[in-house]
Amino acid sequence: MKTIKINPADNVAVALEALKANETIEVEGQVLTLNTDIPAGHKFLLTDLTAGENIIKYGYPIGHLTESRNQGDLVSHHHIKTNLEGLLDYQYNPVSKEELTNPAYAEWFPKEQLTFQGYRRQNGEVGIRNEVWIVPTVGCVNGVVSQLAATLKEELANPNSPFCQTLPANTELLRIVAYPHNYGCSQLSDDHENTRKILRDLVLHPNAGAVLVVGLGCENNQPDQFEQLLGNYDKKRIRFMVTQKVEGDEIAKGMEILHELYTIASQDKREPIPLSELKIGLKCGGSDGLSGITANPLLGVFSDFIVSQGGTTVLTEVPEMFGAETILMNRCETPQLFQQTVSLVNDFKQYFLSHGEPVGENPS
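Computed from a predicted model, the values in this text were never measured in an experiment.

Asks: I'd like a description of the overall build of the protein, backed by residues and values.
Replies: Of the regular secondary structure elements, the protein holds nine helices and 18 strands. Since a compact globule built from 364 residues should have a radius of gyration of about 21 Å, the 27 Å found for the protein marks it as more spread out than a globular shape. C-alpha atoms of the protein, sized along the principal axes, occupy 80 × 45 × 40 Å. A total of 364 residues make up the protein; the buried ones form 39% of that total. Counting contacts in the protein only where the partners sit at least 6 residues apart, residues at least 24 apart contribute 67% of the total. Of the charged side chains in the protein, 29 are positive and 46 negative; the average position of the first set lies 5 Å away from that of the second.

Here is the structure:
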């Protein structure tokens, strides 16, 4: 197959391999002759269109033509202008479960009694990893944090080290992760509070079986106040060390605490967890002309499956939604959630526009 028409409503098709001018091809029963060379991953018109008419790809407008083009012509960013100028008004048109079974949408998956292997934490949260983390309250102790992580890794790499000799046989070796950062001091107001919230969420993350929080003692993000921000936490698995309060060798004291934490976390075992408790974060990688045909739909179907089982997927890059935001909006379960999504998208657009930046450079 040399070409693909992604959606029945599309007025363009995509070349899956390089095509030559004057080549005659067939696209779902339609025979046409190409007027120009079409590189792999690029689109060409299935019908004549005049300037101002929309290009339909994936079943949705991805922009409009800036000049008239003919059937068989290459259509690239040189010929298309976004429809995303400025802020938009949106109407709530929720997609029903019945509509989702239509082939034009993703498949609706029946709910099954599926599980995954995870670590159930004391507070009920579930992790898919079991690691030992070292988190500084302030960038001033990055050197201490990094040295502690390196020392523990070196010990674990040597089965004959005194610490490894204290571990039970066949103990699963855990990953050691340090999280140095440049914040926690000389910050004010929301900037300071956002740092504290991010660090709190990191310390309480269920992928950590144990955490050593390292503070300096004179920073804005005071360790005792930060500890209060954690709420009712597991004090066996989350420990604090303030270097200015350590009498003697702070590295030796830190290693003593880490040995205790590691021994506790190394006893954790995976157990079957309902898939409804799984949370998956989606991260944008490199894109090319075929991403919208391969990787993106796969992640979309994957998200539909996880959500249909009661689980969660998280899409964090708001600009990646531009041009497809109505698809997400119409899947909102309630009008209130729809309005929140509209605010999310328009607020982000307004941020771009207020700095003189375009909002429609990545519509497809």
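Next comes the rest of the account.
Asks: Lay out the packing of helix H2 (residues 142-156) against helix H6 (residues 250-265) in plain terms, naming residues and giving numbers.
Replies: Where H2 contacts H6, the axes come no closer than 10 Å and their chain directions differ by 55°. Relative to H6, the element H2 is oriented oblique. Crossing of H2 against H6: the hand is right-handed. Seen from H2, the contacting residues are Val 144, Gln 147, Leu 148, Thr 151, Leu 152, Glu 155 and Leu 156; seen from H6, they are Glu 250, Ile 251, Gly 254, Met 255, Leu 258, His 259 and Tyr 262. Here the residues of the contact of H2 with H6 are counted per class, giving eight nonpolar, four polar and two charged.

Asks: Quick one: what's the story with the sheet that holds strand S5 (residues 43-45), residue by residue and with numbers?
Replies: One open sheet accounts for four strands, arranged S1-S2-S5-S8; its pairing is antiparallel. Across the chains shown, the open sheet's two edge strands, defined by having one partner strand only, are strand S1 (3-4) and strand S8 (74-75).

Asks: For the sheet that holds strand S15 (residues 238-242), give the residues involved together with the corresponding values.
Replies: Pairing within the open sheet is parallel, and its four strands lie in the order S13-S12-S14-S15. Lying at the two open borders of the sheet, with one neighbouring strand each, are strand S13 (176-178) and S15. Each strand axis lies, on average, 15° off the axis of its neighbour in the sheet, ignoring direction. Pairing of strand S12 (residues 131-136) with S13 involves three bridges; the strand directions are parallel. Bridging across to S13, Ile 134 finds its partner in Ala 178.

Asks: For H6, give the residues involved together with the corresponding values.
Replies: Over its 16 residues, H6 extends 22 Å from the first C-alpha to the last, a length consistent with the 22 Å expected when each residue adds 1.5 Å. Taken together, the buried positions of H6 are occupied by Ile 251, Gly 254, Met 255, Ile 257, Leu 258, Leu 261, Tyr 262 and Ala 265. One side of H6 holds all its buried residues, which, seen down the axis, span an arc of 165°.

Asks: Could you give an account of the environment of His 192, with specific residues and numbers?
Replies: If you trace the backbone, His 192 turns up in helix H4 (residues 189-203). What makes His 192 buried here is its relative accessible area of 12%. Separated by 115 residues in the primary sequence, His 192 and Val 307 have C-alpha atoms spaced 34 Å apart. Among all residues touching His 192, those that are not within four sequence positions of it are Gln 187, Asn 220 and Asn 221.

Asks: Now, about the pattern of salt bridges: what can you tell me, with residues and values included?
Replies: For the coordinates displayed, the defined rule picks out 14 salt bridges. Arg 200 is the salt-bridge partner of Asp 201, the closest N and O atoms lying 3.2 Å from each other. Taking the relative accessible area as the measure of exposure, Asp 201 reaches 44% and is therefore partly exposed. For Lys 349, the salt bridge goes to Glu 325, with nearest N and O atoms at 3.3 Å. Separated by 24 residues along the polypeptide, Lys 349 in helix H9 (residues 335-354) and Glu 325 in helix H8 (residues 325-329) bring together distant segments of the chain. Connected through salt bridges with shared partners, the residues Arg 121, Asp 234, Arg 237 and Asp 268 form a single ionic network.

Quick notes on the rules
- Residues numbered from 1 in each chain as written.
- Predicted model: local features only at pLDDT ≥ 70, side-chain atom pairs only at ≥ 80, totals over all residues.
- Heavy atoms only, no water.
- Helix = DSSP H or I, 4+ residues; strand = E, 2+ residues; numbered from the N terminus.
- Rg over C-alpha atoms; globule rule 2.2 N^0.38 Å.
- Buried < 20%, exposed > 50% of the residue type's maximum accessible area, 1.4 Å probe, protein only.
- Contact = heavy atoms within 4.5 Å.
- Lys, Arg positive; Asp, Glu negative; His and termini not counted.
- Charge placed at Lys NZ, Arg CZ, Asp CG, Glu CD.
- Axes fitted to C-alpha atoms, helices over the stretch in contact; angles between N-to-C directions.
- Parallel < 35°, antiparallel > 145°, perpendicular 65-115°, else oblique.
- Left-handed = near helix turned anticlockwise from the far one by under 90°.
- Nonpolar A, V, L, I, M, F, W, Y, C, P; charged D, E, K, R; others polar.
- Pairing = 2+ DSSP bridges.
- Expected span 1.5 Å × (residues − 1).
- Arc of directions from axis to C-beta.
- Salt bridge = Lys/Arg side-chain N within 4 Å of Asp/Glu carboxyl O.

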